[in-house]
Amino acid sequence: MDKEKLQEICGRLPGITHDYQVDWQADRYHVGGKMFAMLGGDAERKPIITLKCEPNRAVELRETYKSIVPGYYMNKTHWNSLYLESDLSIDIFENLIVHSYNLVFEKLTKKAQKEIVAE
């Protein structure tokens, strides 16, 4: 998977902000000040995207796809890491990015959600 394509998918979601965490060498994407995606690398610098995921779905995805593993440097219950150099389809990446965004968005206050939607 192409890193630029994933950045494009993240970037077109409403109300997102982006920063670069120098210490982690990772691009981070937030909604309402809360991170929903991080593009970086694992301990061996293999490119990954780490996304929030509903816990039961996270386990199911890890059991189904060898390229989806517990979130690198994140809470393993709520985050998955997907290897960019894999046979995962663009649809899987896009669906899981949107799923992660929605999980974070839904936890924001109603006021914050309305402000984002109004942008």
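It should be noted that the structure appears before, not after, this text.
Conventions adopted
- Each chain has its residues counted from 1, running along the sequence as written.
- Totals for whole chains, interfaces and linings use all residues, but because this is a predicted model, local features are given only for residues with pLDDT of at least 70 and pairs of side-chain atoms are given and counted only at 80 or more.
- With hydrogens and water stripped out, all remaining heavy atoms of the structure feed into the side-chain values.
- The helix count covers DSSP runs of H or I at least four residues long, the strand count covers runs of E at least two residues long, and both are numbered beginning at the N terminus.
- Note on contacts: a residue pair is in contact if any heavy atoms of the two residues lie within 4.5 Å.
- The Shrake-Rupley method, run with a 1.4 Å probe, gives the accessible areas here. Residue values count only the displayed protein chains as cover.
- Note on aromatic pairs: the rings of Phe, Tyr and Trp (six-membered ring only in Trp) are paired at centre separations within 6.5 Å, and the planes decide the class, stacked below 30 degrees, edge-to-face beyond 60, tilted for the rest.
- Using a 1.4 Å probe on the protein chains alone, a residue whose accessible area is under 20% of its type maximum counts as buried, one over 50% counts as exposed, and one in between counts as partly exposed.
- What we call a nonpolar core is a set of buried Ala, Val, Leu, Ile, Met, Phe, Trp, Tyr and Cys residues that are connected through their side-chain atoms within 4.5 Å.
- Whether two strands pair comes down to DSSP finding at least two bridges between them.
- To get an axis, a line is fitted to the C-alpha atoms, and for a helix only the part in contact is used. The angle between two axes follows their N-to-C directions and goes from 0 to 180 degrees.

Caption draft 1: Molecular detail of the overall build of the protein. Of regular secondary structure, the protein possesses 4 helices and 6 strands. Counting from the amino terminus, helix and strand elements in the protein follow one another as α-β-β-β-β-α-β-β-α-α. Across its three principal axes, the protein shows a C-alpha extent of roughly 40 × 30 × 25 Å. Counting contacts in the protein only where the partners sit at least 6 residues apart, residues at least 24 apart contribute 46% of the total. Of the roughly 7000 Å² of accessible surface on the protein, a fraction of 51% belongs to carbon and sulfur atoms.

Caption draft 2: Highlighting the packing of aromatic side chains. Per the counting criterion, the structure on display carries 3 aromatic pairs. Summarising the aromatic geometry, the rings of Phe36 and Tyr101 are spaced 5.4 Å apart at their centres and angled 90° between planes, so their arrangement reads as edge-to-face. You can see Phe36 sitting in strand S3 (residues 34-41) and its partner Tyr101 sitting in helix H3 (residues 90-107), a full 65 residues away along the chain. Residue Tyr101 is classed as buried on the basis of its relative accessible area, which comes to 5%. Following the ring pairs from residue to residue traces out a cluster consisting of Phe36, Tyr101 and Phe105.

Caption draft 3: Representation of the nonpolar core within the structure. Counting 28 residues, the largest nonpolar core has Leu6, Val31, Phe36, Ile49, Leu82 and Ile97 as its most contacted members. Looking at this core, the elements that each hand over two or more residues are helix H1 (3-11), strand S2 (26-31), S3, strand S4 (47-52), helix H2 (55-64), H3 and helix H4 (110-118). No other element matches H3, which puts 7 residues into this core. If you look at the next biggest cluster of nonpolar residues, it comprises 5 residues, including Ala26, Met35, Met38 and Met74.

Caption draft 4: The arrangement of the sheet that holds strand S1 (residues 16-21) in detail. One open sheet accounts for 6 strands, arranged S1-S2-S3-S4-S6-S5; its pairing is antiparallel. The open sheet has two free edges, formed respectively by S1 and strand S5 (68-70), since each of these has just one partner strand. Taken pair by pair, the neighbouring strands of this sheet meet at an average axis angle of 25°, ignoring direction. The pairing of S4 with strand S6 (residues 79-83) spans 5 bridges and is classified as antiparallel. The residue of S6 that forms the bridge with Thr50 is Ser81. On the sheet, H1 packs against S1, S2, S3 and S4 and is oriented at approximately 175° with respect to S3.

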